[in-house]
Amino acid sequence: MVGLIVLDFRVGKKVLMFFKSKQLIGLDIGSNSIKLAVIENSGGKPVLDGFYFMPTPGGSVNSGEIISPPDVANALGSLIQQAETKKKGICASVWGGSVVVKRIQVPRMDVKLLEEQIKFEAEQYIPFNLSEVNLEFHVLKKQESTPDSMDVLLIAAKKDLIMSYAEAVEGAGLDLTTVDVSGFALSNCFEFNYPNPGANHIGILNIGFSACNFVVRHAGEVIFVRDIPFGGYHFTEEIRKNMGVSYEEAENLKFGAAGEDSPPEVNENLLNAMESFLEELNRTIDFYMTSSSMSTPIQRFYLSGGSSVLPGLKDYLENHMQVSMEVMNPFINIGFNPKNITPDYMKQIIPYASLAMGLGIRKKGDES
Ligand SMILES: Nc1ncnc2c1ncn2[C@@H]1O[C@H](COP(=O)(O)OP(=O)(O)OP(=O)(O)O)[C@@H](O)[C@H]1O
Ligand SMILES: [Mg+2]
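Residues numbered from 1 in each chain as written. Chains lettered and ligands numbered in written order. Predicted model: local features only at pLDDT ≥ 70, side-chain atom pairs only at ≥ 80, totals over all residues. Heavy atoms only, no water.

(A) Fine view of the sheet that holds strand β10 (residues 149-158). Reading across the sheet, the three strands line up as β8-β10-β9 and stay open at both edges, with antiparallel pairing between neighbours. With one partner strand each, in any of the chains shown, β8 (99-107) and β9 (133-139) form the two edges of the open sheet. Across the sheet, the mean angle separating the axes of adjacent strands is 25° when strand polarity is ignored. (Pairing = 2+ DSSP bridges. Helix = DSSP H or I, 4+ residues; strand = E, 2+ residues; numbered from the N terminus. Axes fitted to C-alpha atoms, helices over the stretch in contact; angles between N-to-C directions.)

(B) How the structure looks around the side chain of Ser149. Topologically, Ser149 is positioned in strand β10. Among the residues examined, Ser149 registers a relative accessible area of 11% and is labelled buried. In this structure Ser149 touches Gln105, Val106, Pro107 and Arg108, once residues within four positions along its chain are discounted. (Buried < 20%, exposed > 50% of the residue type's maximum accessible area, 1.4 Å probe, protein only. Contact = heavy atoms within 4.5 Å.)

(C) Just the site of ligand 1, in detail. Taken together, the neighbourhood of ligand 1 is formed by 22 residues, with Ser31, Asn32, Ser210, Glu251 and Lys254 sitting nearest. A distance of 2.9 Å separates an oxygen atom of ligand 1 from a polar atom in the backbone of Ser33. Measuring from an oxygen atom of ligand 1, one finds a backbone N or O atom of Ser210 at 2.6 Å. Considered on its own, ligand 1 offers 660 Å² of accessible surface; in the complex 93% of this is hidden by protein. Of all elements in the fold, only β3 (33-42), α5 (232-243) and α6 (247-255) reach the threshold of two or more residues within the shell around ligand 1. For the shell around ligand 1, a count of residues per class yields nine nonpolar, 10 polar and three charged. (Near = heavy atom within 4 Å. Polar contact = N/O pair within 3.5 Å; in protein donor to acceptor, adjacent residues only side chain to side chain. Areas by Shrake-Rupley, 256 points an atom, 1.4 Å probe, with all protein chains shown as cover. Nonpolar A, V, L, I, M, F, W, Y, C, P; charged D, E, K, R; others polar.)

(D) Structural context of the pattern of salt bridges. In total, this model carries 11 salt bridges according to the counting rule given. Between Glu132 and Lys158 there is a salt bridge, and its shortest N-O distance comes to 3.9 Å. Placement of the pair is Glu132 in the loop between α2 (111-125) and β9 and Lys158 in strand β10, with a sequence separation of 26 residues. Note that Arg283 is salt-bridged to Glu279, the shortest N-O span being 4.0 Å. Taken together, the residues span about one helical turn, with Arg283 and Glu279 both in helix α7 (residues 264-292) at a distance of four residues. The class for Arg283 is exposed, based on a relative accessible area of 51%. Judged by its relative accessible area of 47%, Glu279 is partly exposed. (Salt bridge = Lys/Arg side-chain N within 4 Å of Asp/Glu carboxyl O.)

(E) Layout of the side chain of Asp180. Residue placement: Asp180 occurs in strand β11 (residues 175-181). Judged by its relative accessible area of 0%, Asp180 falls in the buried class. Of the polar contacts made by the side chain of Asp180, one reaches the side chain of Arg362; its length is 2.7 Å.

(F) How the structure looks around the environment of Thr177. On the secondary structure map, Thr177 appears in strand β11. Its relative accessible area of 15% is what places Thr177 among the buried residues. Here the alpha-carbon distance between Thr177 and Ile90, two residues 87 residues apart in the chain, equals 5.5 Å.

(G) Region of the structure containing the packing of aromatic side chains. Applying the stated criterion to the full structure yields 14 aromatic pairs. With 6.1 Å between their ring centres and 65° between their planes, Phe51 and Phe53 make a pair best called edge-to-face. Take Phe53: its relative accessible area is 32%, and that puts it in the partly exposed class. (Phe/Tyr/Trp six-rings, centres within 6.5 Å; stacked < 30°, edge-to-face > 60°.)

(H) Seen up close, the state of the cysteines. Enumeration according to the criterion identifies zero disulfides in this entry. Free cysteine: Cys189, not disulfide-bonded; nearest cysteine sulfur from Cys91 at 12 Å. Classification of Cys189 as buried rests on a relative accessible area of 1%. We note that Cys212 lacks a disulfide partner, and the nearest cysteine sulfur, in Cys189, lies 15 Å from it. (Disulfide = S-S within 2.5 Å.)

In structure tokens form, the structure reads like this:
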């Protein structure tokens, strides 16, 4: 077991200044791969010093849950060796069934008073025993609130989940300094790179292996976070089961789907899976629209995650949803260390890097 954990559960606080000593390493523990973003300060400007990733040890992580912390610790140990950094502070993020983000309305009150009251409010909305969770809240500034009430985003993450992250990180000889929620870290990455997006109502879809993290930003703040249980695994699985091939073969067929000699069945299966994904996505968007009583639709989507570059997916979503889609570039506002990184490498990792980058721009004890 891990020792005493002093955890800083700080959800989505922004970083505007870069101090070398306090800069944390961004760690994204995915079901398919583990990613590490090391950002340094160079004359007050952020520079990507290194980006490292490796396949997640089989079965050790699933849908945001760490099943085997020792296996993740081993993998992380070898990644940090590659990184050759003296830093030990890690910023990681959680998502999945043990994390709840809920928008609630509370009577208008002073934030200091809300800090005391939030537990009582949370009791009604969080489906876990409050002694088992870390709790955070954000008062939403620009939403429709009345003189008597205000909108608050309630965020809870089970302590067990955070402990399993701490065990994995500490097992690799590192310190888990800050824990965020993945949706907020994605939003941080977006804000850092698109400070003037030209749209007020924006969706972010991080389509990974096991699921898709869906985030909505409105007037510059996160107002909705939800996971859609559909990712790269489900696309590959559709090919595997209908074409009678192994998972590895199906994965290769999926990667080659845009190629001229790709069998037509591959694209037919991918299209079927896209249809299922779209159904799930539309259901979640409907829920978001009703629960937030938002009258105007999301104006633009930014995509990230390995599956965001699945051949045909962006066009399919754009055509069926009649809304523009763009792959989020997490490197617009950051330089790179040419000793460790080439522009070509940076281009290749664009779809995989947004979450780790959103975490790696955090520093110890930062505030919004
Ligand atoms: N070029 C590509 N074409 C199609 N699919 C791809 C491509 N590159 C990666 N993928 C898919 O992306 C998925 C991995 O993405 P990612 O690294 O974002 O997942 P993860 O973060 O490890 O998983 P999760 O967030 O679900 O725990 C795999 O399912 C893989 O097949
Ligand atoms: Mg992921």
